[in-house]
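# An overview of the molecular structure
Residue-level listing of the chains:
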Amino acid sequence: MSSILEQRKNQVYEKGSTGFDLACEQKSLAGSVSQRACVFCGSRVVLYPIADALHLVHGPIGCAAYTWDIRGALSSGPQLHRLSFSTDLQEMEVIYGGEQKLYRALVELIDWHHPNAAFVYSTCIVGIIGDDVESVCKRVSAEKGIPVLPVHSEGFKGTKKDGYKAACDALMRLIGTGDTAGISPVSINILGEFNLAGESWIIKDYYRRMGVDVVSVLTGDGRVSDIRRAHGARLNVVQCSGSMTHLAKQMQERYGIPFIRVSYFGIEDTAKALYDVADFFADPVLREKTQDLVRGEIKQVYPQLQTYRQALSGKRAAIYVGGAFKLFSLLKALDMIGIRTVLAGSQTGNAEDYARLQAACAEGTIIVDDSNPVELAKFVQEKSVNLLIGGVKERPIAYKLGVGFCDHNHERKIALAGFVGMVNFAKEVYATVMSPVWNLPKTVGKQVRHENT
Amino acid sequence: MLLRHTPKEIVERSALTVNPAKTCQPIGAMYAALGIHKCLPHSHGSQGCCAYHRSALTRHYKEPVMAGTSSFTEGASVFGGQANLLEAIQNIFTIYQPDVIAVHTTCLSETIGDDISQITGKAQEEGKIPAGKYVIRASTPSYVGSHVTGFANMVKGMVEVFSGASDEKEDQINVIPGFVEPSDMAEVKRITREMGIQAVAFPDTSEVLNTPQTGRYEMYPKGGTTIPELKSTGRSRHTLALGQLASGPAAKLLDAKCKVPCTLLNLPIGLRNTDIFIETLRQVTGASVPEALRLERGQLLDVITDMHQYFYGKKVALAGDPDHLVALTQFLKDLDMDVRHVLTGTPGKKFVNRIAEITGPNVNAYEAKDMLYFHQLIKNEPVDLILGNTYAKYIARDEDIPLVRTGFPIYDRIGHQYFPLFGYQGGLRFLERILNALMDRQDRDAPEETFELVM
C-alpha cells in the first residue's frame, strides 16, 4: 500500500519539514477512494433544516433515498423536512424529459402540504437530459402563489462547495421578499448554523440574553418567513464559513449588510463570537450584558472542564472533517481539555485554510487534504492517536484500530456549540477515549490462570 | 407524530414518491462486489453516488466500506467518461492493488452513453489491467429497477467474466445466496458443510462486512469469494439460486453460458423454505441430511408448535425487497399469522401474484410503491406487527405498533450482520424476535388482573 502514499505526497505535510506548499482544491484522482461527496450533497445539507419548506429531489430515487432524514437538524415545529420527496425518474422520462412529472409532483405536493416555499433539487441526470427546471418552478410558483426555487445542484458540476453556493443562490431569491418592519436596530442573522442537536437554540438564547434580535437562522430550525425578511438585519454572523460566506457576501453587496466570521465551538471562540457581535453594535450596555453572560457561563463550565482536562491530559487526537473552518475551533477546544492534535485534515480546505492551519499546529503535526482510509489508518497508528474526530465513514475505521471516535458531522447527537457544548464535547471525548473497551483486547487472556501449571 | 402529514385516505399519485421503499441500483452492485475477495467496487459517476453508497453501507454494517469513483466533472459529462474510467482503472491497480475492480454505472454515465464493456475492453488492450487481475462490470442505471436489480446485475457480471464453460465438471455445486446479510451467506456455507457438500457461494460478504476487531485496518478483509472459486463456477454440477430477483439472472446465465443447470428457490427463510433448500441440496448432490440439521429442524418445529397460539390470527404488514417478502410471507402464513399488507418499492408485476399465491386473494400486495402508501394501508387496516427496515420505525411509532426490523437498510440496531435469518436456526431466532415483540406489547398493555407471569 506504500504507493497510496507515494501518489499523495503533495497533499500531505508534516509541520517542521521544509517548504509548506500543500496541494489542495484539486479534483480527486479518478479511481481514488475519496471521502468527498457531490454538489447535490452540499446543497441538500445546507437547505435541509428549513422545516416548513418542501424539499423535492428531481431525479432517480437514490439521491432522495440517501438524504432521507440523515441530518440531526432539529425543528421546533414542522417536521416536513424529514420526509423524502422524489420524482423517482424512470427510463421513459429520461428519454422524453422529466418536466411534466416534475410539474405534477410539485402540484401534488403543494396541494397536499401547503408549504411556505418549495426547493427543487436538480440531480446529475436533470443536467444531462436538459429539463428546464427553472420554467417549471416559475409556472408552479405563479399557479400556487408560493416561492418555488430551483436549486442547481447537479452532482457532477463541481464539489460539495459548489453545492453550498447553489443553495446560497436559492436562498438569495427568497431573501428580500418579506416585510422588514419592526426589526430592531440591534439585529443579526445567524448564518451557517444548522441546529444539529439543537445548537441554534443554545446560541439564540445567548443573543436573546444579550438583547440582540435574531431575525433568521440560516438555516437551522429555519422558517421561510424569517428568511424572507433576513435582509432587515444589521449584521450577518457567519459560522461554518465554507457553506455560507458566499451568501454573506451577496447580502453585503445587495443589501449592504456587513458580516463577521465566528465559531461557536469552544469557550474561547464562543466568547469571541459574542463579544464581536456586541462590539459591532458599539453599545456599552450590550457589551456589559455580554460580559456578564460570558463570565457567568464560564464560571459554570470551567470547573467541569478542568476535571476532564486532568483525565485527558497528554492524549492525542487526529481530526479529519469536511470543511477546514471547523479545524481551528477543534484544535483550540482539544487543547483546552489537554489533548494534542497530531493529524489535521479536511476534504475541501483551500490554500488559505491550510496556511492558517499550519501556523496553528504544533511541530510534527501532519496536515492532509482529501485523504483516504488507508492513509488515515496509517497516521492514526504511527502517531499513537487516542481519538479520531470525523464523520460517518471514518467512525468504523477508528473502532477497528481500537481508537476512540467523536462525530463532528451530521450524525452527532449531542450539542457541541456554546459554553455548554464545550462541556458536552469534553464529556463525549472522555467517554470514548477513556473507555475501558480499548483495553479489553490486551487484558482478557492475561487473566486466565491455570491451576497446576 | 413525525408522520402527522399522512392522510388516511389513499389518493393515487401520478408523479410523486414519498419516503421511498427502495433505493437505486448502484448500491446493490457495490454490495455484491464486496462479496468478492480483494475486490474494490468502482462507481462510474459523480463522487456523491459513491460517498452515499459507502455511507449507507457503513451505517448498515458499522464497518469501513471501500470503493472508488470516476469522479465525474462537467467535462466528463460532455465528452464521455471513457478517459476517467481508463485513468481510474490504472490508478486503482497501481495504488490500491485489488485483484478485481467491479465497475458499475450510474444514471449519469448511462445517460451520456458510456459503454463500459467497450471501455474495459480498451483498458485490457492498452495493458492497463495487470496479468491475473480482472475488471468486471454491471450496467446499473438508477432510473431502472432498484438496489435489488443492481445486485443481480453485478452477480451476473461475475458470471460473465469469471465462469468458463467446461465439459470437465467438478464435484461441486454453486449457491447464489442473494441480496442477504453476511450472516446468511455464512449460514448457506455452514449448511452445505454440514451436509458434506462442496459448494461455491458467491457473492459472499461474510468476514468482509462483519469482521472482527483486531486493532488493524484491513482494506481487503479475509472474506469474499476468491477468483479461483469464481472461475470454477462454470465447472460446477448445479446452481442453486436463492431469491429469483437477486440471484436468478446469474444462475440463468451460468446455465446458458456454461451448461450448469440451475434451480431457482425462495430464500431459505422459515421451516418450509429451508426444507425445500435442503431437500434440493440433497437431490442435486445425493448427500444425506445429517443429524445436526435434523435436530435444528426439530427444534424450530417444536417452538412453532409450543407457541402457535400466540401467532394465530395476528395481523402483519411487511415492507421490503421482493425475495425476502415472498419467503417471509410463506413463513408467517405457515405460522397461521394473518398477512395483511405486503409492499415493495422494487418494480415487477410478478411479485403481486407470487404473494397472492401464498396468501390467497385476501391481501394487499403492491409493487413499486412507497412507505407513505404502506403507512396509509396500515391506517386503513391496522395490524399487530410490522416487519420492515429502519424506515418503518416512523410508522411503528406513530401507529404504536411493534416493529421487527428485517431487510435493508437497518441503521439503528445490530444483529443482522451476525445472526442469520436463513436456515432453521435463523428461523428460530426470527420467531424469538417476533414473539418478544408481540409479548412485550401484551405485557405492556395488559390490565393488572390479566398481567401474566407465565406465557
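So, here's what we can say about the structure. (Residues numbered from 1 in each chain as written. Chains lettered and ligands numbered in written order. Predicted model: local features only at pLDDT ≥ 70, side-chain atom pairs only at ≥ 80, totals over all residues. Heavy atoms only, no water.)

For helix H8 (residues 160-174) of chain A, spanning 15 residues, the distance from its first C-alpha to its last is 22 Å, which sits close to the expected 21 Å at 1.5 Å a residue. Residues of H8(A) that are buried: Lys160(A), Gly163(A), Tyr164(A), Ala166(A), Ala167(A), Cys168(A), Ala170(A), Leu171(A), Met172(A) and Leu174(A). (Helix = DSSP H or I, 4+ residues; strand = E, 2+ residues; numbered from the N terminus. Expected span 1.5 Å × (residues − 1). Buried < 20%, exposed > 50% of the residue type's maximum accessible area, 1.4 Å probe, protein only.)

What follows concerns the interface of chain A and chain B. Listed by partner, the interface residues are 71 residues for chain A and 72 residues for chain B. Both faces combined, the contact of chain A with chain B buries some 6,200 Å², and carbon together with sulfur accounts for 63% of it. On the chain A side of the contact with chain B, Tyr66(A), Trp68(A) and Lys400(A) bury the most area, a combined 15% of that side's loss. Linking chain A with chain B are two salt bridges, by the criterion used here. Here Asp88(A) makes a salt bridge to Lys22(B), at a shortest N to O gap of 3.0 Å. Our count for the chain A to chain B interface comes out at 22 residue pairs in polar contact (both at pLDDT 80 or more). Considering each element in turn, the side of chain A that touches chain B owes the most residues, seven residues, to helix H5 (residues 99-113) of chain A. Tallied by class, residues from the side of chain A that touches chain B come to 38 nonpolar, 20 polar and 13 charged. Relative to strand S1 (residues 17-18) of chain B, strand S3 (residues 85-86) of chain A is paired through two bridges, and the arrangement is antiparallel. Across the sheet, the residue bridging to Ser86(A) is Thr17(B), located in S1(B). (Contact = heavy atoms within 4.5 Å. Buried area = accessible area lost by both parts, 1.4 Å probe. Salt bridge = Lys/Arg side-chain N within 4 Å of Asp/Glu carboxyl O. Polar contact = N/O pair within 3.5 Å; in protein donor to acceptor, adjacent residues only side chain to side chain. Nonpolar A, V, L, I, M, F, W, Y, C, P; charged D, E, K, R; others polar. Pairing = 2+ DSSP bridges.)

For the rest of this paragraph, the subject is the pattern of salt bridges. Taken as a whole, this structure holds 44 salt bridges over all chains when the rule is applied. Ionic pairing is found between Arg82(A) and Asp69(A), a salt bridge with its closest N-O pair at 3.0 Å. With Arg82(A) in the loop between helix H3 (61-66) and S3 and Asp69(A) in the loop between H3 and S3, this pair connects stretches of sequence that are 13 residues apart. Overall, Arg82(A) belongs to the partly exposed group, its relative accessible area being 25%. Since its relative accessible area comes to 16%, Asp69(A) is described here as buried. With a shortest N-O distance of 3.5 Å, Asp99(B) and Lys133(B) are connected by a salt bridge.

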